[in-house]
Amino acid sequence: MTETRPETALDWMLGGTAVLLDIVDRLPDHQLGLDSSLPGWTRRHVLAHLTGNARALGRLADWAATGDPNPMYPSPEARDEEISSRAGEPADRLRQDLRDTAAGLERRLRALTPQQWRRPVVTAQGRTVAATEIPWLRSREVWVHAVDLAAGVSFADVPAPVLERLVADVIAYRAQRGTDPLFAVEFENGRRWPADHSAPVIAGSMPDLAAWLTGRGPAPDPAAPSLSRWL
């Protein structure tokens, strides 16, 4: 699949952020402490992670703006400790921090010049990408974790172009990592990804395929292989 234009990914990011904030605003304070669909994480942990992720991607935007390396996190351990600590904050602060950091990331991204958008940065997984990827990385986070909150939003509510990009990303990541059998997927409209792949084809709807590939749902096809953890 072709690279997503940053303007398009920004629209996806803002759409997912609006859905996420609506969920959070509707949940009573006591329900924020209930389990999310992620093992070991409450909804509070999901929100704490999303707040930290906005700050971390903001550091990549600053890197793109200045050219000075500014990693997303000091270490995986520091990231995990930050999530655990922030998850215990009062509900009003959790909500406000989520809103403020999302707005701050948007401002940083909108301020980038065409030249700065092309500057290479390094993700938390160690991939070197152009800054144009930052809005997509955030789009992926807000949409997938909106589902993880287990508050009425499912992959069926995610826009089809976002799902298609997500499926392509996860397949490419798994193929590069080499821990899963090679396979292709076929959507209900007959499209396949990768299109020229000779490996077994797993068929299903885009929402079901996205849920399976990200470890958030069962395989949509009996022929589907067992998958390792995504991220």
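Residues numbered from 1 in each chain as written. Predicted model: local features only at pLDDT ≥ 70, side-chain atom pairs only at ≥ 80, totals over all residues. Heavy atoms only, no water.

With respect to the sheet that holds strand β3 (residues 184-186)
Worth spelling out the cut-off: Here, a strand pair is defined by DSSP locating no fewer than two bridges between the strands. Only DSSP runs of H or I reaching four residues or more are called helices, and only runs of E reaching two or more are called strands; each is numbered from the N terminus.
Spatial strand order, β4-β3-β5: three strands in an open sheet with mixed pairing. Strands at the two margins of the open sheet, each flanked by one partner only, are β4 (192-193) and β5 (201-203). With two bridges joining them, β3 and β4 adopt antiparallel strand pairing. Residue pairing in the sheet places V185 in a bridge with W193 of β4.

As for helix α6 (residues 134-148)
Every α-helix winds through 3.6 residues per turn, so residues three or four apart in the chain are directed the same way. What counts here: Multiplying 1.5 Å by the helix residue count minus one yields the expected span of that helix. A simple rule labels every residue: compare its accessible area, found with a 1.4 Å probe on the protein chains alone, to the largest value its type can have, and call it buried under 20%, exposed over 50%, or partly exposed in between.
Taking 1.5 Å of rise per residue, the 15 residues of α6 would be expected to cover 21 Å, and the 21 Å separating its terminal C-alpha atoms lies within 8% of that figure. Among the 15 residues of α6, 15 are classified as buried, and the element is accordingly described as predominantly covered. Once α6 finishes, A150 follows within two positions and takes phi at roughly 50 degrees, a positive value.

Points about the side chain of E141
Here is the rule: Only four residue types enter the tally: Lys and Arg on the positive side, Asp and Glu on the negative side, with His and both chain ends excluded. Salt bridge, as used here, is a side-chain nitrogen of Lys or Arg placed within 4 Å of a carboxyl oxygen of Asp or Glu. Contacts are residue-level and defined by heavy atoms, with any inter-residue pair within 4.5 Å sufficient.
Examined against the element boundaries, E141 turns out to sit in helix α6. Here E141 is buried and forms no salt bridge, its nearest opposite-charge partner R140 lying at an N-O distance of 4.7 Å. Dropping the residues within four chain positions of it, E141 is found in contact with H49, L50 and N53.

Details of the domain arrangement of the protein
What counts, and what does not: Each domain's extent is set by a domain assignment, obtained either automatically or from a database. Joining two parts hides part of their accessible area as seen by a 1.4 Å probe, and the buried area is that hidden amount summed over both.
By domain assignment, the protein separates into domain 1 (6-153) and domain 2 (160-214). When each unit is reduced to the centre of its C-alpha atoms, the spacing between domain 1 and domain 2 is 24 Å. Listed per partner, the contact involves eight residues of domain 1 and seven residues of domain 2. Together, the buried faces of domain 1 and domain 2 total about 690 Å²; carbon and sulfur atoms form 73% of this surface. It is W12, W136 and V144 that lose the most area in domain 1 upon contact with domain 2, and together they represent 61% of the buried surface on that side. Where domain 1 meets domain 2, there are two salt bridges.

A look at the packing of helix α1 (residues 6-26) against α6
Rule in force here: For helices, the axis comes from a line fit to the C-alpha atoms of the stretch in contact; other axes are also lines fit to C-alpha atoms, and the angle between any two N-to-C directions lies between 0 and 180 degrees. Note that the term roughly parallel is reserved for angles under 35 degrees, roughly antiparallel for angles over 145, roughly perpendicular for angles of 65 to 115, and oblique for everything else. By convention, the crossing between two helices is left-handed when the near helix turns anticlockwise from the far helix through less than a right angle, and right-handed when the turn is clockwise. Residues are grouped as follows: Ala, Val, Leu, Ile, Met, Phe, Trp, Tyr, Cys and Pro are nonpolar; Asp, Glu, Lys and Arg are charged; all remaining types, including Gly, are polar.
Put simply, α1 and α6 touch, their axes get as near as 8 Å, and they point 25 degrees apart. With respect to α6, the element α1 is oriented roughly parallel. When you trace α1 past α6, the crossing you get is left-handed. Across the interface between the two elements, P6, A9, L10, W12, M13, G15, G16, T17, V19, L20 and I23 of α1 pack against P135, W136, R138, S139, V142, W143 and A146 of α6. When grouped by side-chain class, the residues that make up the contact of α1 with α6 number 13 nonpolar, four polar and one charged.

Comments concerning the nonpolar core
Applied cut-off: We define a nonpolar core as any set of buried Ala, Val, Leu, Ile, Met, Phe, Trp, Tyr and Cys residues linked to one another through side-chain atoms lying within 4.5 Å.
Ranked by size, the top nonpolar core spans 65 residues in total, and within it L109, F155, L166 and V167 carry the most contacts. Secondary-structure elements contributing two or more residues to this core are α1, α2 (43-66), α4 (91-110), α6, α7 (160-177) and α8 (206-213). Take this core: its biggest share by element is 10 residues, from α2. Each of domain 1 (6-153) and domain 2 (160-214) accounts for three or more of the residues forming this core. Apart from the residues within four sequence positions on either side, L166 is in contact with W136, R140, V144, F155, A210, T214 and W230.

Some remarks on the environment of G67
Looking at where G67 falls in the secondary structure, it is placed in the loop between α2 and α3 (76-86). Residues G67 and R165 lie 98 residues apart in sequence; the distance between their C-alpha atoms is 28 Å.

What to know about the pattern of salt bridges
What the rule picks out here adds up to 19 salt bridges. Ionic pairing is found between R95 and D92, a salt bridge with its closest N-O pair at 3.6 Å. On the criterion of helical spacing, the pair formed by R95 and D92 is a turn pair, its members being three residues apart in helix α4. Residue R165 is joined to E133 by a salt bridge in which the shortest nitrogen-to-oxygen separation is 2.9 Å. Within this pair, whereas R165 is found in helix α7, its partner E133 is found in the loop between β2 (128-130) and α6, the two being separated by 32 residues in sequence. For R165, a relative accessible area of 9% translates into the label buried. One salt-bridge network, held together by shared partners, links E133, R140, R165 and D169.

What about the side chain of Q116?
The condition is simple: By the criterion applied in these results, polar contacts are pairs of N or O atoms within 3.5 Å in which, for protein atoms, one can donate a hydrogen and the other can accept it, and in which residues neighboring in sequence qualify only through two side-chain atoms.
Turning to its location among the elements, Q116 is positioned in helix α5 (residues 114-117). Of the residues examined, Q116 reaches a relative accessible area of 18% and is grouped as buried. Polar contacts involving the side chain of Q116 include one to the main-chain amide nitrogen of T113, which spans 2.9 Å. When residues no more than four places from it in sequence are discounted, the contact partners of Q116 are A64, A65, A111 and A131.

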